[in-house]
Amino acid sequence: MITLSDIPPRGGAGFAGPMALFVLVLATLPLWIAPIGLYEYLGIEIAIWILFAMGFNLLFGYTGLHSFGHGAYLGIGAYAFGLFQQQVMVSLWGGLFCAITAALLAGAIVGAFLSHRRGIYYALLTIAFGQVFWFCAMKLHGITGGEDGLLGIPRPDLIIGAWRVDLNDNTNFYWFVAAIAALAVLALWRIVNAPFGRVLQAIRQNETRARFVGYDVWRWKWLAFTLSAGFAGLAGGLFAMAQQSAYPDVMSLHQSGLIVMMVLIGGGLVNFWGPVLGVVLYYIARDILGGLTEAWLLWYGLLFVIMVMVRPEGVAGLFHSLKQRLPRQASVTKPEQA
Amino acid sequence: MALFRAEGIQKRFGARVVLENITLSIEAGSVHGIMGPNGAGKTTCFHVLTGHHAPDAGRITFDGRDITGLKPHVIARLGVSRSFQMMNLFDDAVVIENVMLALPAFRAISGRPFRTSFGDSRLIEAALEVLDQVGLAERAWHNAKSLSYGDRRALEIAVALAAEPRILFLDEPTAGLGAKATQNLAQLIRRLRQRYTICLIEHDMRFLFELADRISVIHWGQVIAEGAPEALKANKWVARSALGEVA
Ligand SMILES: Nc1ncnc2c1ncn2[C@@H]1O[C@H](COP(=O)(O)OP(=O)(O)OP(=O)(O)O)[C@@H](O)[C@H]1O
Ligand SMILES: [Mg+2]
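All residue numbers refer to position in the chain's written sequence, counted from 1. The order in which chains are written sets their letters, starting at A; the order in which ligands are written sets their numbers, starting at 1. In view of the model being predicted, local features appear only for residues whose pLDDT reaches at least 70, and side-chain atom pairs are presented and counted only at 80 or more, with totals across whole chains, interfaces and linings using the full set of residues. Excluded from the side-chain calculation are hydrogens and water; included are all heavy atoms of the structure.

In this section: the site of ligand 1. All names here are of chain B. Distances are taken per atom, and a residue is near a molecule or strand as soon as one of its heavy atoms is within 4 Å of it. Around ligand 1, the surrounding shell holds 14 residues, and the nearest of these are Arg-16, Lys-42, Thr-43, Thr-44 and Gln-85. We define a polar contact as two N or O atoms separated by no more than 3.5 Å, with the added condition that, inside protein, one atom must be a possible hydrogen donor and the other a possible acceptor, whereas residues neighbouring each other in sequence contribute only through side-chain atom pairs. A distance of 2.9 Å is found between an oxygen atom of ligand 1 and a backbone nitrogen or oxygen belonging to Gly-41. Within the contact set of ligand 1, an oxygen atom lies 2.6 Å away from a side-chain nitrogen or oxygen of Thr-44. The fraction of the free accessible surface of ligand 1 (640 Å²) that becomes covered by protein chains is 64%. The set of elements that each furnish at least two residues to the shell around ligand 1 consists of β2 (16-27) and α1 (42-49). In these tables, accessible area is a Shrake-Rupley quantity obtained with a 1.4 Å probe, and a residue counts as shielded only by the protein chains included in the view. Per the convention used, a helix needs a DSSP run of H or I reaching at least four residues, while a strand needs a run of E reaching at least two, with both numbered from the N terminus.

Salt bridges are defined by distance alone: a side-chain nitrogen of Lys or Arg within 4 Å of a carboxyl oxygen of Asp or Glu. Tallying each qualifying case throughout the model produces 18 salt bridges over all chains. Look at the salt bridges and you will find they share partners, linking A:Arg118, A:Glu207, A:Arg211 and A:Lys221 into a network.

The subject of this paragraph is the packing of aromatic side chains. Planes of paired rings set the category: under 30 degrees apart is stacked, over 60 is edge-to-face and the rest tilted, where pairs are Phe, Tyr or Trp rings (Trp by its six-membered ring) whose centres lie within 6.5 Å. This structure, assessed with the given rule, holds 25 aromatic pairs over all chains. Plain terms: the ring middles of B:Phe4 and B:Phe62 are 6.0 Å apart, the flat faces sit at 45° to each other, and that makes the pair tilted. Linking B:Phe4 in strand β1 (residues 2-13) with B:Phe62 in strand β4 (residues 57-62), this pair joins segments that are 58 residues apart in sequence. Comparing B:Phe4 with B:Phe62, the two get one shared label, buried. A ring pair is formed by B:Phe46 and B:Phe169, whose centres lie 5.0 Å apart and whose planes are at 80°; its orientation type is edge-to-face. Taken together, the residues B:Phe46 in helix α1 and B:Phe169 in strand β7 (residues 167-171) connect sequence positions 123 residues apart. Judged on exposure class, the residue B:Phe46 and its partner B:Phe169 are both buried. Each residue in the set A:Phe15, A:Phe22, A:Trp189, A:Phe272 and A:Trp273 is aromatic and connected to the rest through ring pairs, giving one cluster. Classification of residues uses two cut-offs on accessible area relative to the type maximum, computed with a 1.4 Å probe and protein chains only: under 20% is buried, over 50% is exposed, and between them is partly exposed.

Here we take up the packing of helix α11 (residues 253-266) of chain A against helix α13 (residues 296-310) of chain A. In helix packing, the relevant descriptors are the interaxial angle and the interaxial distance, both defined with respect to the helix axes. Residue and element names in this part refer to chain A. Relative to each other, α11 and α13 sit at 50°, their axes nearing to 10 Å. By the angle class used here, α11 and α13 are oblique. Crossing geometry of α11 relative to α13 is assigned as left-handed. Between α11, through Met-261, Met-262, Leu-264 and Ile-265, and α13, the contact on the second element is made entirely by Tyr-300, Phe-304 and Met-307. Throughout, the ten residues Ala, Val, Leu, Ile, Met, Phe, Trp, Tyr, Cys and Pro are labelled nonpolar, Asp, Glu, Lys and Arg are labelled charged, and all others, Gly among them, are labelled polar. In terms of residue class, the contact of α11 with α13 is made up of 7 nonpolar, no polar and no charged. For every element, the axis is a line fit to its C-alpha atoms; helices are fit only across the contacting stretch, and the angle between N-to-C directions ranges from 0 to 180 degrees. Every angle not falling under 35 degrees, over 145, or within 65 to 115 is termed oblique; those three ranges are roughly parallel, roughly antiparallel and roughly perpendicular. Each helix crossing is assigned a hand: it is left-handed if the near helix lies turned anticlockwise from the far helix by less than a right angle, otherwise right-handed if that turn is clockwise. Two residues qualify as a contact provided that any one of their heavy atoms is within 4.5 Å of a heavy atom in the partner residue.

Right, here's the structure in full:
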C-alpha cells in the first residue's frame, strides 16, 4: 500500500539512521565529553540550542519565513520560567509550562501582525518586535530586574512519582535536557512530514498557489510562527535553568542572528537535520577555535560568509550533493505497491 | 441561470484604471472564452473574479451567492479553481504532491499536526486519478521541476482540477505550447467540459473558436463584444485580429 509517508521528505533526508545516530550521541555524551577535553555543561547548551534551532527551522526552513528576532521568544521563555519560580512557586513542570505558554502567547500576538507580510517586510517586522521585547526586558526593572536580569533562578527537582532527581547535578540536568531535545526532534519530524508540514512547505514554495487551492495562508503562517515561538520558549525555560538566571542578552539581536547563522550553516534550508549540524558546529567552533584565539567569532563569521557564497545550502547540502555524485539513482522512484 | 456572474466590475491601480466596466455571465456546463489584445486586462479580470484583487466596484456572484471581495481561499473552497498565465507550481515537490495538496480531502486533514499517514492510500489514488485525466499519471513520482514545459502546463491544470471545482478558470493554457501539445490540450478541455464549467483566456483563435460556446472580447478594460463564435467572426475587431493585424 502506498501511503503519504512514501512521498519523499524534503531533501530526501532519512530519519531512522540519523535519528539513531543522534540518540546514540546524546545518550553517550556524558561518557566521552570530559575525556575529549570538553565539559558536560557544553552538552547541556548544545541540547538546548538544538531544541531552539529545530523549532526555529520549522518557521525558517520549512515555511520559508525569515524571522530575525527569534531570540525574543527564547528570552521570554527564560524570564517566564524565572518569574514563575520566584513569584509563584518552585516547580519544574509549572515553570516550563509557563515558559512555553508565555512564548506561545507572545508569538501569537506578534504573528498576528506579521502574517500578512512577506519577504523583507516580514523580516524587518520580526526584528522590530524582537527589539521591543528586548527593550521591555531592559526597562521593566520591577519585573525583569533590568540589565542585571533575574538572578538565582533555582533548578527545581524532577519528580516522577516517588522518583526524585536533583537537577542541580549537571549530569542529571543534561539527561533531562537531552531527553526533551530528542522528543522535540521526534515530534518535529512527525509534524513536518504530516500533511500539516506539507502545507507549510507548500507555502514556502508558492504562497499564491497555496491560497488558490483553498489554504488560509495567513492562518498557516501565524501557526508556524506561534509554534516555533513555543519551541523557543521551552528552550528558553531550560536555558534559564542552565544559567540559573535570565538576562536581556538572551533576547538580544545577537542571539537572534546566531540562531539564523547556525541554521543556515548547518543546512536547515535543505535538510531536516541541518540545524543540529549547525548548532554542533557552532559550539565546536566556539570551544576549539575559541581555545586558540580570542578572535574566534571573526573566523566563524568568515566561515559563514564563505559558506553563503559557495554553498548556500549549508553543510547538510554539502553531504547531499556528495551523495548525488555517487552512483546515480532515479531522483525518486515510485514506491512498490505491496 | 448563469453559474458565475460578474456585473460592472471596475479595478484601478492608483490612477490607472485597468478594468473599466466588465460584465460577464458564464452558463453552467459551458466553455466561455475570453480574448483580447495584450494588456487588455484579461488576467486582471481573472484576478478579480477569483479574489486575488478586490474590485473597486461591481458585484460577483457564484451559484447565486455574492462572493465579491471574499478572500481567494474562501472562493477556492466554494468550488472556483484557476490556473495561472505564469506557471505557479510547488516546484520542490514531486508531481503527485502538487496535486495532493490541492485535494479537499487532504486539506481537511492538514490541520492536525500529528495525524498519521494511515489510510492515505485513498488520497494517493485520488491524486493519481486526477493526474490520469491530464495524462501525467506516469510521471507522478518525478520532481515537478524536472517536467517538460508542456507537462508543467498540464500539471498546472491538474492542480486546479484536484481542488474539485465547479468552475475552472484557465489563463492562456496554450501559451508556449507546440502544435501537438495544443491539440492534446484541446482534447483534454473537451473531456473536461463534460464535468466542469470552464472559462478560458486564449490568444489562439483557432483553439478558442473550436472549443468555446460563447466568447467575450475584452479591450480597454471593457467587454467590447460578446457572442457565439460564429456570430463573433463578423465582428470588426475579431476579424482584424484573426488576420493578425492586432496582436
Ligand atoms: N498590480 C498591478 N499594478 C499596476 N498595474 C497593473 C497591475 N496588474 C496589471 N496591471 C496593468 O494592467 C494592464 C492589464 O494587465 P493584464 O495582465 O490584465 O493584461 P492581459 O490582458 O492579461 O494581457 P496579456 O495578454 O499580455 O496577458 C497592464 O497594462 C498592466 O500593466
Ligand atoms: Mg494575461
